[in-house]
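Okay, here's what each chain looks like letter by letter:
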Amino acid sequence: MLICVIGSGVVGLTCALDLALAGHKVKVITRNYEEGASWVAGGMLAPFSEGLEGDILRLSIESLRLYDEYVSRVEEVSGHSIFYRRNGILRILDSGEVEAYKALADSYRALGFDSQPLEGSSLREAFGLLSEEISSAILFKDEGNVDSQQLMDALIFAMHRLGVEIVLDEVHKIKIEDGRVEEVIGFKNGYGADFYVFSPGAWGSALLGIPVYPLKGQILKVRGLDIDRVLYSPYAYIIPKENYTLIGATSEDVSFDHRRTLGGVRSLGNNAARVVPSIDECEFVEVNVGFRPATPDQLPVFDVGENYVVSAGHFRNGILLAPVSSKVVVDLLERGVRSEYFELFPSRRFQNGNHTDKS
Ligand code: GLY
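What counts and what doesn't
- Residues numbered from 1 in each chain as written.
- Predicted model: local features only at pLDDT ≥ 70, side-chain atom pairs only at ≥ 80, totals over all residues.
- Heavy atoms only, no water.
- Salt bridge = Lys/Arg side-chain N within 4 Å of Asp/Glu carboxyl O.
- Helix = DSSP H or I, 4+ residues; strand = E, 2+ residues; numbered from the N terminus.
- Phe/Tyr/Trp six-rings, centres within 6.5 Å; stacked < 30°, edge-to-face > 60°.
- Buried < 20%, exposed > 50% of the residue type's maximum accessible area, 1.4 Å probe, protein only.
- Disulfide = S-S within 2.5 Å.
- Pairing = 2+ DSSP bridges.
- Expected span 1.5 Å × (residues − 1).
- Arc of directions from axis to C-beta.
- Contact = heavy atoms within 4.5 Å.
- Near = heavy atom within 4 Å.
- Polar contact = N/O pair within 3.5 Å; in protein donor to acceptor, adjacent residues only side chain to side chain.
- Areas by Shrake-Rupley, 256 points an atom, 1.4 Å probe, with all protein chains shown as cover.
- Nonpolar A, V, L, I, M, F, W, Y, C, P; charged D, E, K, R; others polar.

Student: Quick question: what am I supposed to make of the pattern of salt bridges here?
Tutor: Once their charged atoms are close, side chains differing in charge can pair, the charge on each being opposite to the other. This model, assessed by the stated rule, comprises 24 salt bridges. When the shortest N-O distance is used, the salt bridge between Arg 316 and Glu 50 registers 3.0 Å. In this pair, Arg 316 is assigned in the loop between strand E20 (308-312) and helix H8 (318-335) and Glu 50 in the loop between strand E3 (44-45) and helix H2 (54-78), connecting sequence segments 266 residues apart. Each of Glu 62, Lys 327, Asp 331 and Arg 335 takes part in salt bridges that share partners, so that together they form one network.

Shown next as structure tokens:
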């Protein structure tokens, strides 16, 4: 089959990888493959620290379970190694969050995911750098941390190795006849295929007619902090990578404003210092900007048609959700299995003014 993937974020490229591995000829069409949110994402695999519940928790857990194999697959095909740790995330709790998170941790434990509450002196013994202000945390032991930039680099190398063509063009129209996509139209060319996967990130709303909007995030890169696992607080998260540390992230509803702002840098620095005061001594490396593909209810969209799938709106969790999002497409094409996620996360929930509030 010839398959066109529209979008080159982590979801689009992972679909392209798995479809190419399944023997299909795959073409990725992208307006700019370096612009997606995935390149600057923090890479936390954190469904529990994020406090997810219900169907989105189920989707996230399925993806988390696929992650070891996913990273090995990308490394093997690309020939590139990817920084990836599954040593847990320390979720630092504000006083107002303690009871709710303890209850969540109990519900996660009932699903088989281990966690350890830490308070006062035991917290400070385990994590010496923490500020005196922090008095309560939960270590979610199954969570992880992947270097998103290395993952994206490796996926691009994997595309080359698998012969996946990456075409630079902006698809602005979808030609549909009798429910089938006949062609997608870019500013340079039209592209016909047997099957289409639409994963256009924050840029998808006009093309797909679904309310995906950009939620800007600024993220700092610093050097010189000696921590070995993610510290996730309500004010900032501090994410150690191989040779640097990320401090994330702002959440700004300002459309596609690419500017790196002093206010963004200042708030991230100040918030991180509330968690680890010595972070002020770190070397500042850079600040980057990404646009999360948000939806009004902050949940993703999975739609299926006769010869296409839409996999969009992954919001704060695209890196985490990439393996399961690809599995949904591969299961459909290779095994004829129509995922329950098409029923749980359809775009039709936004029709007739439902869920129109950004929450
Ligand atoms: N996943 C964290 C963020 O989007 O800021």
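What follows picks up the thread again.
Student: Would you explain the packing of aromatic side chains in this entry?
Tutor: Where two aromatic rings form a pair, the distance of their centres and the angle of their planes describe that pair. One pass over the full model with this rule turns up 15 aromatic pairs. Their ring planes at 85° and their centres at 5.2 Å tell us that Tyr 67 and Tyr 70 sit as a pair that is edge-to-face. Here the residue Tyr 67 and the residue Tyr 70 both occupy positions in helix H2, the gap between them amounting to three residues, near one helical turn. Accessibility expressed as a relative area gives 0% for Tyr 67, which makes it buried.

Student: Sorry if this is basic, but what is going on with the state of the cysteines here?
Tutor: Note on terminology: disulfide describes a covalent bond linking the sulfur atoms of two cysteines. Enumeration over the complete set of coordinates arrives at zero disulfides. Cys 4 carries a free sulfur, and the closest cysteine sulfur to it, the one in Cys 15, is 13 Å from it.

Student: Got a minute to help me understand the sheet that holds strand E4 (residues 84-85) in this structure?
Tutor: Two modes of strand pairing occur in sheets, parallel and antiparallel, and in both the strands are linked by backbone hydrogen bonds. Spatially, E3-E8-E4 is the arrangement adopted by the three strands of the open sheet, whose pairing is antiparallel. Strand pairing shows two members of the sheet lacking a second neighbour, E3 and E4, which therefore form its edges. Bridging between E4 and strand E8 (residues 144-146) involves two bridges; their strand directions are antiparallel. Looking at the pairing, Arg 85 lines up with Asn 145 of E8.

Student: Just to check I follow, could you spell out helix H3 (residues 98-110) for this structure?
Tutor: Working note: α-helix, 3.6 residues per turn, so residues spaced by three or four point in the same direction. The end-to-end C-alpha distance of H3 is 18 Å, a good match for the 18 Å that 13 residues give at a rise of 1.5 Å each. Among the residues making up H3, those that are buried are Val 98, Tyr 101, Leu 104, Ala 105 and Tyr 108. For H3, the angular spread of buried residues about the axis comes to 125°, placing them on one side. Relative to its buried face, H3 has exposed residues pointing more than 90 degrees away, namely Glu 99 and Ala 110. The elements touched by buried residues of H3 are H2, strand E5 (89-92), strand E6 (115-119) and strand E7 (136-140). Following H3 by one or two positions, Gly 112 has its phi on the positive side, about 100°.

Student: Would you mind showing me how to read the environment of Ala 103 here?
Tutor: Here Ala 103 shows up in helix H3. Between the C-alpha atom of Ala 103 and that of Val 337, which follows or precedes it by 234 residues, the distance is 35 Å.

Student: Looking at this model, I keep getting lost on the site of the ligand. Mind explaining?
Tutor: Glu 50, Tyr 237, Ala 249, Arg 292 and Arg 316 make up every residue found near the ligand. Between the ligand and Arg 292 there is a distance of 2.7 Å, counted from an oxygen atom to a side-chain nitrogen or oxygen. In the environment of the ligand, a nitrogen atom lies 2.8 Å from a nitrogen or oxygen atom belonging to the backbone of Arg 316. About the coverage of the ligand: the protein hides 85% of its 200 Å² of free accessible area. Tallied by class, residues from the shell around the ligand come to two nonpolar, no polar and three charged.

Student: For this particular structure, what's the right way to read the environment of Thr 295?
Tutor: Secondary-structure assignment places Thr 295 in the loop between strand E18 (283-294) and strand E19 (301-305). Look at Thr 295 and you get buried, because its relative accessible area is 0%. Dropping the residues within four chain positions of it, Thr 295 is found in contact with Pro 211, Val 212, Tyr 213, Val 301, Gly 313, Arg 349 and Phe 350. Only 3.1 Å separates the side chain of Thr 295 from the side chain of Asp 297, close enough to count as a polar contact. A distance of 2.7 Å separates a polar side-chain atom of Thr 295 from the backbone oxygen of Leu 299.

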